[in-house]
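Remarks on the overall topology
Each chain, written out:
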Amino acid sequence: MEQTLVLLKPDAIQRLLIGEIISRIESKGLKIVATKLTVLDKDTANQHYGEHSEKPFFNDLVNFITSGPILAMVLEGKNAISITRSMMGETNPATANPGTIRGDLATTMTYNLIHGSDSLKSAIKEISLFFKKDELISYNRTIENWIQD
Ligand code: IDP
Ligand code: MG
């Protein structure tokens, strides 16, 4: 089953939005198979955002993501990657659609609350950066047949 990495960024924790965001994820039907409250070190942040290392906002991004606790999660489900991305909304919350997490709850690019893997390749790499294999929990929900065919 497809898995994706989600990070609730430091602004989500500081703004007390963990419950609101996880509630949307749970209600949608995605299965949480791992979670970790952690403070990223610079090295891990550099690796996680490595694709942006040449961008002008890179230093600010790394400083922000390491500035306080984040909640890392692995979500599982059919099309978990694209479903999570569409629930997040586009990168810039100013233009993200209403109904999305960023569209409803955020206003600026830096403080956009949430990260989600953008492809299968990124998901595999990102999950392994944050979690050991035995930290992913395999379990059945009794309502599974009402969520996925
Ligand atoms: P994504 O989070 O929607 O996948 P990416 O393009 O991968 O967006 O960028 C990673 C993160 O870097 C964004 O979530 C955002 O916080 C930050 N970011 C992206 N573009 C800019 C920018 O132009 N200015 C400031 N921050 C940016
Ligand atoms: Mg991205």
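All residue numbers here refer to positions counted from 1 along the written sequence of the relevant chain. Chains and ligands are labelled by the order in which they are written, letters from A for the one and numbers from 1 for the other. Only residues with pLDDT of 70 or above have their local features reported here, since the model is predicted, and side-chain atom pairs are shown and tallied only from 80 upward, although totals for entire chains, interfaces and linings are computed over all residues. The basis for every side-chain value is the complete set of heavy atoms in the structure, and neither hydrogens nor water enter the calculation.

Before going further, it helps to examine the nonpolar core. Note on terminology: a nonpolar core comprises buried Ala, Val, Leu, Ile, Met, Phe, Trp, Tyr and Cys residues joined through side-chain atoms within 4.5 Å. To sort residues, take the accessible area from a 1.4 Å probe on protein chains only and compare it with the maximum for the residue type: under 20% means buried, over 50% means exposed, and anything in between is partly exposed. In this structure, Leu8, Ile21, Met73, Leu75, Leu113 and Ile114 are the most contacted members of the largest nonpolar core, which totals 21 residues. Helical segments are the DSSP runs of H or I of at least four residues, strand segments are the runs of E of at least two, and each set is numbered from the N terminus. Within the residue set of this core, elements represented by two or more residues are β1 (3-8), α1 (10-14), α2 (18-28), β3 (70-76), α5 (80-88) and α6 (101-105). Setting aside residues up to four positions removed in sequence, Ile114 forms contacts with Val6, Leu7, Leu8, Lys9, Ile21, Met88, Ile101 and Arg102. Ala45, Phe58, Ile65 and Ala72 belong to the second largest nonpolar core, which has 17 residues in total. In what follows, residue pairs with any heavy atoms lying within 4.5 Å of each other are defined as contacts.

Taken together, four strands build an open sheet; the order of strands is β2-β3-β1-β4 and the sheet is antiparallel. Strands at the two margins of the open sheet, each flanked by one partner only, are β2 (31-38) and β4 (114-116). Each strand of the sheet is rotated relative to its neighbour by a mean of 20 degrees, with strand direction disregarded. Only when DSSP finds a minimum of two bridges between them are two strands counted as paired. Where β1 and β3 come together, six bridges link them in antiparallel fashion. Residue pairing for β3: Leu5 is matched across the bridge by Val74. Along the sheet face, α2 touches β1, β2, β3 and β4 and points at about 5 degrees away from the line of β3. Sitting on the sheet, α5 touches β1, β3 and β4, and the angle it makes with β1 is about 30 degrees. Axis definition: a line fitted to C-alpha atoms, over the contacting stretch in the case of helices. Angles run 0 to 180 degrees between N-to-C directions.

All right, on to the packing of aromatic side chains then. Between 30 and 60 degrees the pair is tilted, below 30 it is stacked and above 60 it is edge-to-face, where a pair is any two Phe, Tyr or Trp rings, Trp via its six-membered ring, whose centres lie within 6.5 Å. Taken as a whole and assessed by the stated rule, the structure comprises one aromatic pair. With centroids separated by 5.2 Å and ring planes inclined at 90 degrees, the aromatic side chains of Phe64 and Tyr111 adopt a geometry described as edge-to-face. Taken together, the positions of Phe64 in helix α4 (residues 58-65) and Tyr111 in the loop between α6 and β4 put the pair 47 residues apart, joining distant regions of the chain. Exposure remark for Tyr111: the relative accessible area of 47% places this residue in the partly exposed category. The ring of Tyr139 carries Lys31 above its face, with NZ or CZ at 5.0 Å from the centroid. Consider the ring centre and the ring normal. A charge sits over the ring if Lys NZ or Arg CZ is within 6 Å of that centre and within 35 degrees of that normal.

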